[in-house]
Amino acid sequence: MLSAEIGNDVAVIQFDQGSFHTIKTLDCPENIIPIFQPPHSPELNPIERFWEFLKSKLEWENCKTLCQLRQKLTSVLETITPAVITSLTSYDFILEALFSAAS
């Protein structure tokens with residue numbers, strides 16, 4: 001369970017409004033903060049920004065085989081640093097939620 005894995009740390013989990021992410025009740029441990037983004041707002045979803053970045057790196061590639069595509073994708077993924085991930089997935093509203101929960 002994530003809550004046990006992170007121990008005394010806090011995790012923010014962002015949910016979109018997809019029907020598979022909505023339930024009538026949500027019981028989160030104290031160290032898990034759910035954030036629900038507005039409907040129809042994929043631009044607020046960090047993973048969407050990551051996919052956009054990844055696709056931009058492969059945009060003009062013309063791989064003739066699946067093997068070539070795998071090699072190119074591996075090469076791109078190997079260049080992604082934690083700083084790049086942070087720049088793509090950090091949002092002020094997530095940090096504000098995290099800090100407000102910690103106080």
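Above this text sits the structure in question.
Reading the values: rules and limits
- Residues numbered from 1 in each chain as written.
- Predicted model: local features only at pLDDT ≥ 70, side-chain atom pairs only at ≥ 80, totals over all residues.
- Heavy atoms only, no water.
- Helix = DSSP H or I, 4+ residues; strand = E, 2+ residues; numbered from the N terminus.
- Buried < 20%, exposed > 50% of the residue type's maximum accessible area, 1.4 Å probe, protein only.
- Contact = heavy atoms within 4.5 Å.
- Areas by Shrake-Rupley, 256 points an atom, 1.4 Å probe, with all protein chains shown as cover.
- Expected span 1.5 Å × (residues − 1).
- Arc of directions from axis to C-beta.
- Core = buried A, V, L, I, M, F, W, Y, C linked by side-chain atoms within 4.5 Å.
- Axes fitted to C-alpha atoms, helices over the stretch in contact; angles between N-to-C directions.
- Parallel < 35°, antiparallel > 145°, perpendicular 65-115°, else oblique.
- Left-handed = near helix turned anticlockwise from the far one by under 90°.
- Nonpolar A, V, L, I, M, F, W, Y, C, P; charged D, E, K, R; others polar.
- Polar contact = N/O pair within 3.5 Å; in protein donor to acceptor, adjacent residues only side chain to side chain.

A. Examining the overall build of the protein more closely. Regarding its fold elements, the protein presents five helices and two strands. Overall, the protein shows an N-to-C arrangement of helices and strands of α-β-β-α-α-α-α. The buried share among the 103 residues of the protein stands at 24%. Partitioning the contacts of the protein with sequence separation of at least 6, the portion at a separation of at least 24 is 47%. Within the structure as shown, the protein displays about 8,000 Å² of accessible surface, and the carbon and sulfur contribution to it stands at 57%.

B. Structural context of helix 2 (residues 46-58). In this model, helix 2 (13 residues) spans 19 Å end to end at C-alpha, consistent with the 18 Å of a helix rising 1.5 Å per residue. Taken together, the buried positions of helix 2 are Pro-46, Phe-50, Phe-53, Leu-54 and Leu-58. All buried residues of helix 2 lie within an arc of 135° about the axis, which places them on one face of the element. The exposed set on the far side of helix 2, more than 90 degrees from its buried face, consists of Glu-52 and Lys-55.

C. Main features of the nonpolar core. Judged by nonpolar contacts, Phe-50, Phe-53, Leu-54, Leu-58, Val-76, Ile-80 and Leu-88 together constitute the single largest core of seven residues. Residue contributions to this core peak at four residues, all from helix 2. Discounting chain neighbours no more than four positions away, the residues touching Phe-53 are Ile-80, Val-84 and Leu-88.

D. Expanded view of the packing of helix 2 against helix 4 (residues 82-89). Look at helix 2 against helix 4: their axes get within 8 Å of each other, and the N-to-C directions meet at 120°. Judged on the interaxial angle alone, helix 4 and helix 2 are oblique. You can see that helix 2 and helix 4 cross each other, and the crossing is right-handed. Contacts between helix 2 and helix 4 involve Pro-46, Arg-49, Phe-50 and Phe-53 from the first element and Val-84, Ile-85, Ser-87, Leu-88 and Thr-89 from the second. For the contact of helix 2 with helix 4, the per-class residue count stands at six nonpolar, two polar and one charged.

E. Looking closely at the environment of Ala-4. Position of Ala-4 among the secondary structure elements: in helix 1 (residues 2-6). Ala-4 gets classed as exposed once you look at its relative accessible area, which sits at 61%.

F. Highlighting the packing of helix 2 against helix 3 (residues 66-78). The geometry of helix 2 relative to helix 3 is characterised by a closest axis approach of 10 Å and an angle of 125° between their N-to-C directions. By the angle between their axes, helix 2 is oblique relative to helix 3. Crossing handedness for the pair helix 2 and helix 3: right-handed. Between helix 2 and helix 3, the residues in contact are Phe-50, Leu-54, Lys-57 and Leu-58 and Lys-72, Leu-73, Val-76 and Leu-77, respectively.

G. Quick look at the side chain of Ser-3. Within the secondary structure layout, Ser-3 lies in helix 1. Of the polar contacts made by the side chain of Ser-3, one reaches the side chain of Asn-31; its length is 2.6 Å. The contact partners of Ser-3, leaving out residues within four places of it in the chain, are Pro-29, Asn-31 and Ile-32.

Purely spatial values, then, with no claim about function.
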